[in-house]
Amino acid sequence: MTFSSVLIANRGEIAVRIIRCCKELGIETVAVYSDADRLSPHVLLADKAYRIGPPPATDSYLNIEAIIEAAKRARVNAVHPGYGFLAENSMFAERVSAEGFIFIGPRAESIAMMGDKITARTLMEKAGVPIVPGTITPLQSVEEALTVAGDIGFPVLLKATGGGGGKGMRIVENADQLPSAYKSARSEAKNAFGNDSVYVEKYLMDPRHIEIQVLADSHGAVVHLNERECSIQRRHQKIIEEAPSAFLTDDLRQQMGDAAIRAARSCGYVNAGTIEFLVDASGAFYFLEMNTRVQVEHPVTELITGIDIVKEQIAIAEGNPLSFSQEAIRIRGHAIECRIYAEDPLNNFLPSIGTIRNIQSSLGPGIREDRGVQAGNRITVYYDPLITKIIAYGRTRQETISKMDRALSEYNIQGVITNIPACLAVLRHPLFKKGMYNTHFMQDYFSIGITATPDENEMLATAVAASFSVHDHIRKNETPGTQTGSRSGWKSKNIPK
Ligand code: ADP
């Protein structure tokens, strides 16, 4: 079937991204919004928009009844869930289908299987996809945890079976720490996910996070679109992603691509999905989890492959076979994405709440921006404080880094503190430039006053200060005193390029 109308069950940049794609395809777009988003770009851009509740997500973007009601009123053919909110809620996928709409995503069973980390690990093991060493059943007792940890060796990681968003993880260095970590991991899991089941896996010391994008149609074809390197993280959450990875050889790329295809097949996967792996310095890779939806960082893959992933999601949901084979997928050039958040790099990246007074993009050759807010919109406590995504594309990694540096240096946001200075500091770091980094990069080099060397502290502080003087980010900011450039140790010299 060909869709004539699609409801986008999301907000922010991803809702805008999907609306734009539908417009290009001649599909009518139906937005939903909470009271906090009445004047947000996704609402203004869509052909129709329905209010679904007050600002808290539980009352609006997580409110299945209200979304289904909107879909019925608008008489759409299909629902696109975006990422976050209900995107990986198998009950929502099931309900959408039961109401006669097409869910633009995988089958509810695939979502359920991959949403439970233990089930996913068991499936992967059967499919011959390497998993991080550890248990494939929930831990029954602290004694069991001690035995397993003794076998695989400390440090270990306790993880919530139903975890996500970097929450519910506990690093345990030795046997003495295990009993209390076990207790607190369970109670945190219970609070965050309503399920206190935890398991244990080996804590890899300096891994890279490298993931493979897959596309699977409803006729049995599965292809992969190569990798994204997502090791630049804070609080176990990505902030800078790139494709291709500076670390992968063609051989390893092929091995990981094949494993990702096996992973997708093992859960009968249809639509776009991502298999996340941890890769150690020797090139050994281990399945981490599968995300059964479009990802925040999908644009870097789009730029290097020329494939529009959201268009493919819609074509697959319409029942079309993939229009290309694995052999036709090529990597051309290099792409980097920076997630620009309203958060304070000098205060542990905590969200910076406030109204965006002014926002001036910096486009230019090779720069794409996916943004879901505009001047006058508020960054609230209710949702993720992502302001925009800047994606740079160049012929080489080096050229892409300089395009991104140029774009971020020009970008001007007033009213909230942003992580732009931290992104710039990463881009200018000699090890990042060489492509030599892992998931501990931010922690090792940019934890002001905690673990970074004085030089590296100064580098970030200088980047922050330089950016403030250029952009007047915080002259009249809501949180006075935190970032006025008067912090001791700051010097306003230029950072060496
Ligand atoms: P979530 O689902 O909460 O996002 P993931 O399992 O995807 O959690 O892990 C998020 C990040 O946490 C990874 O990208 C990596 O940086 C770190 N991590 C997870 N598991 C391990 C592990 N076994 N060893 C080392 N780091 C890990």
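One structure accompanies this document, and this report is about it. What you see is a predicted model; the values in this text were computed from it and never measured.

Near the ligand, the surroundings consist of 23 residues, among which Lys117, Gly166, Lys202, His209 and Gln233 are the closest. The side chain of His209 places a nitrogen or oxygen atom 2.7 Å from an oxygen atom of the ligand. Every element with two or more residues in the shell around the ligand is listed here: β6 (156-160), β8 (198-202), β12 (271-279) and β13 (285-291). Here the shell around the ligand is built from residues that sort into eight nonpolar, eight polar and seven charged.

The side chains of a regular strand alternate between both faces of the sheet. With eight of its nine residues buried, strand β21 (residues 386-394) lies for the most part within the structure. Two strands pair when backbone bridges link them, and strand β14 (residues 334-341) and β21 are joined in this way by eight bridges, in the antiparallel orientation. In the strand pairing of β21, Ile336 is matched with Ala392.

What follows concerns helix α8 (residues 178-193). With 16 residues, α8 should reach 22 Å at 1.5 Å per residue; the first-to-last C-alpha distance of 21 Å fits that figure. Those residues of α8 that sit buried are Leu178, Ala181, Tyr182, Ala185 and Ala189. Axial view of α8: buried residues confined to an arc of 100 degrees, hence all on one face. When the buried face of α8 is taken as reference, the exposed residues oriented beyond 90 degrees from it are Ser180, Lys183 and Asn191. Where α8 is buried, its residues contact α7 (142-152), β6, β7 (169-172) and β8. Looking one or two residues past α8, Gly194 carries a phi angle of roughly 65 degrees, positive in sign.

Let us look at the sheet that holds β21. Two strands in a sheet stick together by hydrogen bonds in their backbones, pointing the same way (parallel) or opposite ways (antiparallel). Pairing within the open sheet is antiparallel, and its eight strands lie in the order β13-β12-β9-β10-β11-β14-β21-β19. Edge positions in the open sheet fall to β13 and β19 (367-371), since each of these has one partner strand only. When strand polarity is set aside, the average angle formed by the axes of neighbouring strands in this sheet is 25 degrees. In this structure, β19 lies alongside β21, joined through five bridges in antiparallel fashion. Looking across to β21, one finds that Arg368 is bridged to Ile391.

Here the bond from Phe154 into Pro155 is cis, since omega is -5 degrees, no more than 30 degrees from zero. Mapped onto the fold, Pro155 is located in the loop between α7 and β6. A cis amide bond links Ala243 to the next residue, Pro244, at an omega of -5 degrees. Among the secondary structure elements, Pro244 is positioned in the loop between β11 (237-243) and α9 (250-266).

This part is about the nonpolar core. Leu215, Ile232, Ile240, Ile387, Leu408, Ile413 and Phe432 are the most contacted members of the largest nonpolar core, which has 68 residues in total. Per element, the largest residue contribution to this core is seven residues, and it comes from helix α13 (residues 420-427). Ala9, Val79, Val96 and Ile111 belong to the second-largest nonpolar core, a separate cluster that totals 28 residues.

Here we come to the layout of surface pockets. Computed from the structure, the second largest pocket encloses a volume of approximately 270 Å³. Around the second largest pocket sit His224, Asn226, Asp250, Arg253, Gln254, Asp258, Ile261, Gln326, Ile329, Arg330 and Ile331, which together line it. With five residues, the top contributor of residues to the lining of the second largest pocket is α9. Class assignment of the residues belonging to the lining of the second largest pocket gives a composition of three nonpolar, four polar and four charged.

Attention now moves to the pairing of strand β2 (residues 28-34). In terms of burial, β2 is largely enclosed, as six of its seven residues are buried. As paired elements, strand β1 (residues 5-8) and β2 share four bridges and run parallel to each other. The partner of Val6 across the bridge, within β2, is Thr29. Regarding topology, helix α1 (residues 12-24) serves as the crossover connection from β1 to the parallel β2, and that connection is right-handed.

How each quantity is defined
Residues numbered from 1 in each chain as written. Predicted model: local features only at pLDDT ≥ 70, side-chain atom pairs only at ≥ 80, totals over all residues. Heavy atoms only, no water. Near = heavy atom within 4 Å. Polar contact = N/O pair within 3.5 Å; in protein donor to acceptor, adjacent residues only side chain to side chain. Helix = DSSP H or I, 4+ residues; strand = E, 2+ residues; numbered from the N terminus. Nonpolar A, V, L, I, M, F, W, Y, C, P; charged D, E, K, R; others polar. Buried < 20%, exposed > 50% of the residue type's maximum accessible area, 1.4 Å probe, protein only. Pairing = 2+ DSSP bridges. Expected span 1.5 Å × (residues − 1). Arc of directions from axis to C-beta. Contact = heavy atoms within 4.5 Å. Axes fitted to C-alpha atoms, helices over the stretch in contact; angles between N-to-C directions. Core = buried A, V, L, I, M, F, W, Y, C linked by side-chain atoms within 4.5 Å. 1 Å grid on protein atoms, 1.4 Å probe; cavity = no way out; pocket = protein on both sides within 12 Å on 5 of 7 lines; lining within 4 Å. Points joined across faces, edges and corners; volume = space filled by probe spheres on them. Right-handed = clockwise from strand over helix to strand, strands pointing away.

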